[in-house]
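Spelled out, the chains give:
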Amino acid sequence: MTSSQPFDMANSRVFGEVAETYDAARPGYPDALIAEVLAYASLGDLPAVEIGAGTGKATVPFAALGTPMVCVEPDARMAEVLRRNTAAFPHVRVEVSAFEQWRPDETRFGLLLAATSWHWTDPATRWDRVHDALAPGGAVALFWNPQGLLDPGLQAALREVDHRYGLTLTPHTGLASSFGDVPGHWPGLLGHWPDEECRQDGRFTDLRSLRIRERTRFDTDRYLGHLTSISVYRALPADRRDRALADTAAVLDAHGGGIDVEHHHDLFLARTLPHQG
């Protein structure tokens, strides 16, 4: 999905079908990224709001550091897992709503974050909604964790499977070496990096982009679970999806029973302009 494509809110709810698998198999975010966001935001007494919170992959590390949070998640099935994962944190509240329908009422937040969910929001209205939710000087943090494969031979074999089933933009589309050094530039980028949109809006300042690299190994079962939670696989008819996953498993088992990847945790930061005196 790019900002030039029609916005389809229903697409953001495909993950609820596999909420438990999503929670078990999807990768999270490193402590260094969480620390960068909180240092930039300097929340003070203000709470944070997370949009498209999913099952809490980003929520939990923020909440564990004491951050008061409102989590906005459009799918009730995902929100059920999110509530379970944040039950130990009384300062976290979960609201089932699309970002486009959610209203912050009188609360103004010191931080709005979106973890691998910004590309599901409506390009026509999202910066207005972000600005309305934030206090003057409040921060926005948008981040993703795309991965690149380390083994070219394995990547080539997996791409053959993808081609066989008409799959594009899968998590193993690119090699880690193809990502370059610029945050927000990677194979199969789901939407334009938010820097240009944010600059054009004109109500934000102190824009920053950074990348944190982290290597991860998935065994075959966990990687198949990860793929099961990806939208391009959810879109396949069930029998075709099962065959694609079985063929992928055969490739992974033939290459040592797993897959080594490098995650590129790419982070965009900006803040609303302060009150002008």
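Look up: the structure comes first, before these words.
No experiment lies behind these values; they were computed from the predicted model shown. (Residues numbered from 1 in each chain as written. Predicted model: local features only at pLDDT ≥ 70, side-chain atom pairs only at ≥ 80, totals over all residues. Heavy atoms only, no water.)

1. A short note on the nonpolar core
In this structure, Val-37, Phe-62, Met-69, Leu-111, Ala-141, Phe-143 and Leu-267 are the most contacted members of the largest nonpolar core, which totals 29 residues. If you tally residues by element for this core, the top one is helix α2 (residues 31–41), at five residues. Among all residues touching Met-69, those that are not within four sequence positions of it are Ala-48, Glu-50, Thr-59, Phe-62, Ala-63, His-91, Val-92, Arg-93 and Leu-113. Ranked by size, the runner-up nonpolar core spans 25 residues in total, among them Val-70, Phe-99, Trp-118 and Leu-134. (Core = buried A, V, L, I, M, F, W, Y, C linked by side-chain atoms within 4.5 Å. Buried < 20%, exposed > 50% of the residue type's maximum accessible area, 1.4 Å probe, protein only. Helix = DSSP H or I, 4+ residues; strand = E, 2+ residues; numbered from the N terminus. Contact = heavy atoms within 4.5 Å.)

2. Concerning the pattern of salt bridges
Under the counting rule described, the total for this entry stands at 17 salt bridges. Here Arg-84 ties to Asp-23 by a salt bridge, and the two come within 3.9 Å at their closest N and O atoms. Linking Arg-84 in helix α4 (residues 76–85) with Asp-23 in helix α1 (residues 19–25), this pair joins segments that are 61 residues apart in sequence. The exposure class assigned to Arg-84 is partly exposed, which follows from its relative accessible area of 45%. Note that Asp-260 and Arg-217 form a salt bridge whose closest N and O atoms lie 2.8 Å from each other. Taken together, the positions of Asp-260 in strand β8 (residues 258–272) and Arg-217 in strand β7 (residues 204–219) put the pair 43 residues apart, joining distant regions of the chain. For Asp-260, a relative accessible area of 35% gives the class partly exposed. A relative accessible area of 43% means that Arg-217 is categorised as partly exposed. (Salt bridge = Lys/Arg side-chain N within 4 Å of Asp/Glu carboxyl O.)

3. A closer look at the pairing of strand β4 (residues 109–115)
Taken across its seven residues, β4 has seven buried, putting it largely inside the fold. Here three bridges tie strand β1 (residues 48–51) to β4, and the two strands are oriented parallel to one another. The residue bridging Val-49 from the neighbouring strand is Leu-112, located in β4. Where β4 meets strand β5 (residues 134–144), six bridges bridge the pair, whose relative direction is parallel. Of the residues in β5, the one forming a bridge with Leu-113 is Ala-141. (Pairing = 2+ DSSP bridges.)

4. Overview of unusual backbone geometry
One non-glycine residue with positive phi stands out, namely Ser-42, at about 45°. Unlike most non-glycine residues, Asp-206 shows phi in positive territory, near 55°. Summarising the element assignment, Asp-206 is placed in strand β7. With relative accessibility at 29%, the residue Asp-206 sits in the partly exposed group.

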